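# Overview (structure and organization)
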Amino acid sequence: MSLQIERRAEPSSLMRVAAPLIATLLTLVVSSIMFALIGHNPLDTLFAFFVAPLLSMNGLSEWLLKASPLILIACGLAIGFRANVWNIGAEGQLVVGAIAASGVGLFYPDPESPLLLPLMFLAGMAGGMAWAAVPAFLRARMNTNEILVTLMMTYIATLLLSLLVHGPWRDPDGFNYPQTALLPNAAMFSYFDATYRLNTSIFITVIAVVAMWFFTERSFFGYKMSVGGAAPLAARYAGFKESGSVWLGLLISGGVAGIAGMAEASGPLGQLSAQISPGYGFAAIIVAFIGRLNAFGIVLGGLLLSLLYLGGEAVQLSMGLPSAVTSIFQGMLLFFLLASDFLIFYRIGRPVAAQGGT
Amino acid sequence: MNPRLELRDISKRYPGVVANDQVSLSVMPGEIHAVLGENGAGKSTLMKIIYGAIGADEGEMVFDGTPIAAHGPAVSRALGIEMVYQHFALFESVSVVENIALCVSGPFDLAGLSVQVRDVSEKYGLPIDPHRLVHDLSVGERQRVEIVRCLLQDPKLLILDEPTSVLTPQAVAKLFETLRQLASEGCSLLYISHKLDEVQALCDTATVLRNGRVTGTAEPKKSTPTKLARMMVGADLPETHHGKAITSGKPKLSVKGLMTSADDQFGIGLKNISFDVFGGEIVGIAGVSGNGQAELVSCLSGETPTKTAHVITLDGADVGQMDAGHRRRLGLAFVPEERLGRGAVPPHHLSDNAMLTGHRLGMVKNGMINRGAANAYASDIMQKYNVKANGHEAVASSLSGGNLQKFIVGREIELAPHVLIVSQPTWGVDVGAAAFVRQALIDLSRSGAAVLVVSEELDELFEICDRLLVICQGEISPSVDRADTDVEEIGLLMTGLNTPSSVAPSGGISR
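Thresholds, definitions, all that
Residues numbered from 1 in each chain as written. Chains lettered and ligands numbered in written order. Predicted model: local features only at pLDDT ≥ 70, side-chain atom pairs only at ≥ 80, totals over all residues. Heavy atoms only, no water. Helix = DSSP H or I, 4+ residues; strand = E, 2+ residues; numbered from the N terminus. Rg over C-alpha atoms; globule rule 2.2 N^0.38 Å. Buried < 20%, exposed > 50% of the residue type's maximum accessible area, 1.4 Å probe, protein only. Areas by Shrake-Rupley, 256 points an atom, 1.4 Å probe, with all protein chains shown as cover. Lys, Arg positive; Asp, Glu negative; His and termini not counted. Charge placed at Lys NZ, Arg CZ, Asp CG, Glu CD. Contact = heavy atoms within 4.5 Å. Buried area = accessible area lost by both parts, 1.4 Å probe. Salt bridge = Lys/Arg side-chain N within 4 Å of Asp/Glu carboxyl O. Polar contact = N/O pair within 3.5 Å; in protein donor to acceptor, adjacent residues only side chain to side chain. Nonpolar A, V, L, I, M, F, W, Y, C, P; charged D, E, K, R; others polar. Pairing = 2+ DSSP bridges. Patch = residues over 30% accessible without salt bridge, like charges linked within 9 Å, V, L, I, M, F, W, Y side chains within 5 Å. Expected span 1.5 Å × (residues − 1). Arc of directions from axis to C-beta. Domains from an automatic or database assignment. 1 Å grid on protein atoms, 1.4 Å probe; cavity = no way out; pocket = protein on both sides within 12 Å on 5 of 7 lines; lining within 4 Å. Points joined across faces, edges and corners; volume = space filled by probe spheres on them. Phe/Tyr/Trp six-rings, centres within 6.5 Å; stacked < 30°, edge-to-face > 60°.

So, on to the overall build of chain B. A count of helices and strands for chain B gives 16 helices and 23 strands. Against the compact-globule benchmark of 24 Å for 511 residues, chain B has a radius of gyration of 24 Å, which places it among compact chains. Summarising its shape, the C-alpha atoms of chain B cover approximately 70 × 50 × 40 Å along the three principal directions. Going through the 511 residues of chain B one by one, you find that 56% of them count as buried. Working note: accessible area of chain B is about 20200 Å², and carbon and sulfur atoms make up 52% of it. Each charge class in chain B can be summarised by its mean position, and for the 46 positive and 60 negative side chains these summaries are 4 Å apart.

Often, the extent of an interface is quoted as the loss of accessible area upon association of its parts. Taken together, the 31 residues of chain A in the interface contact 45 residues of chain B. Summed over both partners, the interface of chain A with chain B comes to about 2800 Å²; 57% of that surface belongs to carbon and sulfur atoms. At the surface where chain A touches chain B, the tally comes to 1 salt bridge. For B:Asp323, the salt bridge identified is with A:Lys241, shortest N-O distance 3.4 Å. Viewed at the interface, chain B and chain A are joined by 12 residue pairs in polar contact (both at pLDDT 80 or more). For the side of chain A that touches chain B, the elements supplying multiple residues, two or more each, are α7 (202-218), α8 (220-230) and α9 (232-238) of chain A. For the side of chain A that touches chain B, the per-class residue count stands at 17 nonpolar, 7 polar and 7 charged.

We now examine the sheet that holds strand β5 (residues 66-67) of chain B. Residues and elements named next belong to chain B. Across the sheet, which stays open at both edges, the 4 strands sit in the order β2-β1-β4-β5 with antiparallel pairing between neighbours. Both outer strands of the open sheet, β2 (17-27) and β5, are each paired with one neighbouring strand and no more. Relative to β5, strand β4 (residues 58-63) runs antiparallel, the two being bridged by 2 bridges. Considered in β5, the bridge of Phe63 is made with Thr66.

For the rest of this paragraph, the subject is a negative patch on the surface. All names here are of chain B. A contiguous patch of negative charge, built from Asp481, Asp484, Asp486, Glu488 and Glu489, is present on the exposed surface. Following the sequence through the fold, Asp486 ends up in the loop between β23 (480-481) and α16 (487-495). Overall, the relative accessible area of 40% leaves Asp486 in the partly exposed class.

The next point concerns α7(A). Residue and element names in this part refer to chain A. When the terminal C-alpha atoms of α7 are compared, their 24 Å separation across 17 residues agrees well with the 24 Å that a helix rising 1.5 Å per residue should span. The set of residues buried in α7 consists of Ile202, Ile204, Thr205, Ala208, Val209, Met212, Phe215 and Thr216. Along the axis of α7, the buried positions cluster into a sector of 140°, meaning they face one direction only.

Residues and elements named next belong to chain B. Parsing chain B into structural domains produces domain 1 (5-233), domain 2 (240-331 + 417-511) and domain 3 (340-416). Each of domain 2 and domain 3 has a C-alpha centre, and the two are 25 Å apart. Taken together, the contact between domain 2 and domain 3 spans 23 residues of the former and 13 residues of the latter. Carbon and sulfur atoms make up 60% of the surface buried where domain 2 meets domain 3, a total of about 1300 Å² over both sides. If you sort the residues of domain 2 by the area they bury against domain 3, Arg328, Pro417 and Phe436 come out on top, with a joint share of 35%. Taken together, the links from domain 2 to domain 3 amount to 2 salt bridges. Between domain 2 and domain 3 we count 5 residue pairs in polar contact (both at pLDDT 80 or more) in total. At 6 residues, the largest contribution of residues to the side of domain 2 that touches domain 3 is made by helix α14 (residues 431-446). Of the residues belonging to the side of domain 2 that touches domain 3, the class tally is 12 nonpolar, 7 polar and 4 charged.

Residues and elements named next belong to chain A. Scanning the model with the defined rule gives 3 cavities of 30 Å³ or more in all. Of the volumes computed, that of the largest cavity is approximately 100 Å³. Together, 14 residues line the largest cavity, and Leu65, Ser68, Pro69, Ser201 and Ala263 are the ones closest to its centre. When contributions to the lining of the largest cavity are tallied by element, the ones reaching two or more residues are α3 (57-82), α7 and α10 (242-269). Among the elements that take part in the lining of the largest cavity, α3 stands out by supplying 5 residues, more than any other. Classifying every residue of the lining of the largest cavity by side-chain character gives 9 nonpolar, 4 polar and 1 charged.

Moving on, we get to the packing of aromatic side chains. All names here are of chain A. All told, the structure shown has 18 aromatic pairs over all chains when counted by the stated rule. With 5.9 Å between their ring centres and 80° between their planes, Phe192 and Phe203 make a pair best called edge-to-face. Pair noted here: Phe192 is in the loop between α6 (146-166) and α7 and Phe203 is in helix α7, with a separation of 11 residues, a long-range link. Given a relative accessible area of 47%, Phe192 falls into the partly exposed group. Of the residues examined, Phe203 reaches a relative accessible area of 46% and is grouped as partly exposed. Where Phe220 meets Tyr223, the ring centres are 5.8 Å apart and the plane angle is 20°; that geometry is what we call stacked.

Listed below in structure tokens is the structure:
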């Protein structure tokens, strides 16, 4: 018996809903086998992974805190991805945004000024945009591959950060740790509750999600960009310029990543340190695709990935699972999720032969 | 005598459509049997079922008296069923004999095979040099390769899917001789077409399909085109009506000395092309595909801006260096040959696709999309041009080729352009709708617009155009009035043999 893959005439709306459920089910089944094989009770492990982290207020706060930059950056990236503008270097733009914002926060003459936070916001955005402008210029003018340029600029950014926090910006009272002095209070987002790290920067993410939805679904520029992404020849046919999409795609995603970097410095970290981001810029690429480049899909994707991180840490602590196992689990879920998307556009069935007399 | 092939109640359903509904037909040995039908009538599906490329949901196939139990392309080959597809499946960078060797079972013996190729091609009047590279061949020659490839298998049943769509009239006549010779030797032929005159000239019997169902069988030689067309369309064919062309004093579109160099080794450079199109007239560009039409059209539309601005003027303005959007603002509209991916964005809804060029008609305010206006425009086109689709929410890739073509043609005409350029206006469009599209083009021109039609279908050009130009090897012939010429003369110009101005080398049909 052989199976055959057939393209669907219209994308299946049933599968749009069912695909994530199928993926979750497959992950649960396969991971249960894996957990059982290494001697852990699958149910307990899954509970510790997915449910336990959300049972405490602190867990919820951490969940949203981690989801926020992922969602924020993914919104920016998705705008570019829809137009085939592949910004892989949001991590670098985040770092430069954090550097620029922290620079303002540390060296602004009046550390009490209420303008400090807005200025840092602008500096973070400008920093991220500036970092993304380089690949945008190279792609639009010289047709350089932006995947390579954005990625390589990420290494430059992290090394620049390292240089600053080990060198000129290092806190003289910081016991030689590679980090700057703490930012003044006026440079910090306020907390909802002093006990938890979640802060008001999450509203930026909320606004970004709505703005992204509006841009992609309602604005003409967003429409032009999606034409360029889905059918470049049709964009040329209609006379939509590619360079506009390249600039906008990279500047928006760079600016947004820069804001995310600023929000890290002005939020949970309170200073600039060598480890400003646990890889948000890269993880946001996954979030953008899990969310199918759609604003509300990205929110779900960001929440899921954030939970995977939290759960991964939780089972390492509470059940002593090796970190490799949590990575395998995370990879498995993402793999099944993206693979089952295939079912939206294709069906798998048995080939029908011309049978006699049926 | 048993029929060579008998189909009994073949049905095939796809989500949303019944492609074949209880189709029965039978072909005798040595019979040339036409399968007639509009586009989307289910002809190609039926042929693929016969060949075994796809399976039928229901029904039975009997070959030479034996039912075929489990079908597939391999079974077809064993039985002697061969198929020449409409779009050739040849590797351009290797030679003819190497292409053929890929499809022939048995040991890999190029030398022996080229002898066979030569023999078969001489026997059937299909001259072909087995050692030439495929990319050097004209379309007609490529088709010969495909046919020779089938003939080497000693077919008992040969399926030809619209084989003449890319041939000059002379090449068509030649092909028909070959096919008659084959039939006289006992090979059965299934000939798929929507061209009534060809079917009348060639075929003994015809099965007519409409909406996946057999609507009748006929003996084309004893029938009339009107009767056959009625069976195909289900109604009498609308005729196009011409008013007299009243042309504008100044050309609306003017090309002066347009030259380009070929993009790649398979491309064609344009050589000093000049012509004018006046408002109120339709000018046709005839030619065998691959002679520079694609390059010319892309220069005219603005997708490939030219090096100097003044070689193309639109309403007197030099537009050569403007992009497509800029030219559209000046009143140009354009229907490209490729519908999916160029004329329409495949995964987008029809209303989004209406916006692709229609956005200038008040669908965008302050950078924001007015969905209502886009939906209304799409629905309006669908209704006016009889586009069969699942509402304006249907994605472009779900439409049949003909329906999408009607949508794109409608979208461009409704822009009320000063100049409309159309590539293959009715390519893949059914007979009834083709007549409608042609009438719409005539009406547009009579309202004062300049219309330029690039087509490989001579009948169509003769039906709608006021003047004709012929493109061959990147050169364009002087224009001739339709009334002063005939298919024969244009056909010769297309092959580049009879142009006083051209220096086409001898060697048959040029690419």
